[in-house]
Amino acid sequence: MKAETAIAGEQWHDAAERLRAAIELAPGEPAVMRAAARFNTQVGAPHAYGYWKALLALPTVTADERREAIRFGLGAKRYELCEEQLAILRESEPANPENLSLAAQLAVEKNDPAAAMSLTDQLLDLDPAHPGALLRRGELLLSSPEVERRAQGIQQLQTLGGSNAPTALAALEALANTRDLSPSDVRVVAVALFNHPAGQTRHRLAGFSLEIRLAPDRKAELMTRAISQFRTDGPDALLTLADWTKQQGDPARILEFIPLTLSLSRQDLFLVRMDALAARKDWEEIQRILLHERTPIQTFHREVFLARVSLELHEPLPAETHWEAALDEASRNPSHLAYLARYSEKIGVLSVAAKAWRQLARKPSWALRANAALVSLLERQGDTRGLRDVMRQLRRLAPDDPAPRHDEAYLDLLLGENVPAAGTTAVKLLNDHPQRIAYRSTVALSYLRSNDPTAALQQYDGVEIPWEKASPSAQAVRAAVLHANRELTLARTAAATIPQNSLKPEERELVASLQSARPEFRENPLIAY
């Protein structure tokens, strides 16, 4: 079909239009499902998984399509899809080398080196010269904790790297990334990377990295040689060179080979130059460029960068204006919202990150991820009430998961709100999961909030709890329970080792009098809170 032709030619706009028309005309046709799955996979759209599942459910699905779906699953970390399809393929084609190779790759992805090695050896029994299997076996040996096996891996990868196999360059790259090479082996691998006829910029730069490893005192000279060699090789080579320069710990040198005039011609080059200026903390120059040059970036990114610059230049009012403009621009694009949330959180602007995550949480396909991200953010902010609201949303989104139900009940009790309902939930969850210390602590807290400290203390009777391994929250509740039952010495001992910065504000209030120097005992230390 024409959509598949457009996909093969990477004509994404044309492919999208043709695919949209095909789905409207024949939504259940195998060719349409296949094209939709491939298109969404290529552009990284979240709908790809659903289309692959729909294609795999059709009676006409082929073994090749199953393998293609497995490759998608490996890239998207949808391991359950991979396992399901591999089980079908290995039953119908037990000796198929491609099936064994995919199964070995899945084992590597799932961090099961023993299974990966076993499957790779099975593949080599079928095809002793299989280049992918030889590469994987060498890499698995190279990652072994045993010195002898790592030495075997080096030997196997050196043999492969010196051959004409299609995986020879990958073998050399694997060798370049290990610290187990002797100086003479480092030199051999470097020369091979420099001279391999199929080598690209990254391979040559890996050779320079090995040269620097051999002669760290010549690092500046070798970096100059590398920059001189690749600075005229085109934009893609420049981007690779920029990544390598950053890895060498000298990002400011990027300014040597990506001048301003060149950076204004392409967004990717512009962003790399801006990062180099930021590494040099040249905020005034970044601000000048953003305000006065015709930059090749979207308004959203421009506002984000201007906000960051204003922050670094200690200009709070312009920073706030630019953050709000960035939020407004991002509101129509979930990927921009996610970028803004992560970026602002990374640089410590938590209020902006929270706004971005909350906007994303209103979008169904992002609701779970955004609310989960809000949890750690709100904990850093000490916003217990906001955290409780997020747990309420997570409980609605995942009604079968006991964790958000428990956390909502605990936070209700911590805030002293919805106490009867929260107590009922806490008791039910403890009955279902009697081994969970956190659930037991929540029940104890519910009795304290109900003015029954004796019942609260009874929750710990006859139960062996390694308190040194319990969460700070559970330790704080226990200390408060002991205090409420006039076990003052035990309460102070229990509270003494709880790190204050690991507690929520309301939890710190539970143990405030116990961790202070005042010796007096307060009646009902919790109920009045």
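Residues numbered from 1 in each chain as written. Predicted model: local features only at pLDDT ≥ 70, side-chain atom pairs only at ≥ 80, totals over all residues. Heavy atoms only, no water.

Participant: Tell me about the nonpolar core, residues and numbers included.
Facilitator: Grouped together as the largest cluster of nonpolar side chains are 97 residues, with contacts concentrated most on Trp-323, Leu-340 and Trp-357. With residues up to four places along the chain from it excluded, the contact list for Trp-357 reads Ala-341, Arg-342, Glu-345, Trp-366, Ala-370, Ala-373, Leu-374 and Leu-377. (Core = buried A, V, L, I, M, F, W, Y, C linked by side-chain atoms within 4.5 Å. Buried < 20%, exposed > 50% of the residue type's maximum accessible area, 1.4 Å probe, protein only. Contact = heavy atoms within 4.5 Å.)

Participant: Can you tell me about the environment of Ala-484, naming the residues and giving the values?
Facilitator: Mapped onto the secondary structure, Ala-484 falls in helix H30 (residues 472-484). For Ala-484, a relative accessible area of 18% translates into the label buried. In sequence terms Ala-484 and Gly-423 are 61 residues apart; their C-alpha atoms lie 18 Å from each other. (Helix = DSSP H or I, 4+ residues; strand = E, 2+ residues; numbered from the N terminus.)

Participant: Would you mind going over the side chain of Ser-263 in detail, with residue names and values included?
Facilitator: Tracing the backbone shows Ser-263 in helix H17 (residues 260-263). Only 2.8 Å separates the side chain of Ser-263 from the backbone oxygen of Leu-260, close enough to count as a polar contact. Residue contacts for Ser-263: discarding those within four places in its chain leaves Ile-258, Leu-269, Phe-270, Arg-273 and Pro-296. (Polar contact = N/O pair within 3.5 Å; in protein donor to acceptor, adjacent residues only side chain to side chain.)

Participant: Lay out the confidence of the model for the protein with the relevant residues and their values.
Facilitator: Low pLDDT marks stretches whose predicted atomic positions should not be read closely. The predicted model of the protein has a mean per-residue pLDDT of 89, with 91% of residues at 70 or higher. Long-range and interchain partners of residues 517-529, a stretch whose pLDDT sits below 50, account for 26 contacts in this model, where long-range means more than four residues apart. (pLDDT = per-residue confidence, 0-100.)

Participant: Give a description of the pattern of salt bridges that names residues and reports values.
Facilitator: Evaluated as defined, the whole model comprises 34 salt bridges. As a salt-bridge pair, Arg-218 and Glu-221 come within 3.0 Å of each other at their nearest N and O atoms. The exposure class of Glu-221 is partly exposed, given its relative accessible area of 40%. One connected set of salt bridges, linked through shared partners, spans Arg-385, Arg-388, Asp-389, Arg-392, Arg-395, Glu-408, Asp-412 and Glu-417. (Salt bridge = Lys/Arg side-chain N within 4 Å of Asp/Glu carboxyl O.)

Participant: Which residues make up the layout of surface pockets, and what values go with them?
Facilitator: One simple way to see leftover space: roll a probe sized like a water molecule over the atoms. Roughly 420 Å³ of internal volume is contained in the largest pocket. Along its surface, the largest pocket is lined by 16 residues, and Asn-177, Ala-206, Ser-209, Trp-244 and Gln-247 are the ones closest to its centre. The biggest single contributor to the lining of the largest pocket is helix H13 (residues 201-214), with seven residues. Estimated volume of the second largest pocket: approximately 360 Å³. As for the second largest pocket, its lining consists of 13 residues, and the residues nearest its centre are Asp-275, Phe-305, Arg-308, Tyr-339 and Tyr-343. Contributing elements (two or more residues each) for the lining of the second largest pocket: helix H18 (267-279), helix H19 (283-292), helix H20 (299-312) and helix H22 (334-346). In terms of residue count, the dominant contributor to the lining of the second largest pocket is H18 (four residues). (1 Å grid on protein atoms, 1.4 Å probe; cavity = no way out; pocket = protein on both sides within 12 Å on 5 of 7 lines; lining within 4 Å. Points joined across faces, edges and corners; volume = space filled by probe spheres on them.)

Participant: Hey, could you go over the packing of helix H21 (residues 316-330) against H22 for me, with residue numbers and the actual values?
Facilitator: At a closest axis distance of 8 Å, the pairing of H21 and H22 adopts a crossing angle of 150 degrees. Comparing the axis directions of H21 and H22 gives the class roughly antiparallel. For the crossing formed where H21 meets H22, the hand is left-handed. Of H22, the residues touching H21 (which contributes Trp-323, Ala-326, Leu-327 and Ala-330) are His-336, Leu-337, Leu-340, Tyr-343 and Ser-344. Grouping the constituent residues of the contact of H21 with H22 by class yields seven nonpolar, two polar and no charged. (Axes fitted to C-alpha atoms, helices over the stretch in contact; angles between N-to-C directions. Parallel < 35°, antiparallel > 145°, perpendicular 65-115°, else oblique. Left-handed = near helix turned anticlockwise from the far one by under 90°. Nonpolar A, V, L, I, M, F, W, Y, C, P; charged D, E, K, R; others polar.)

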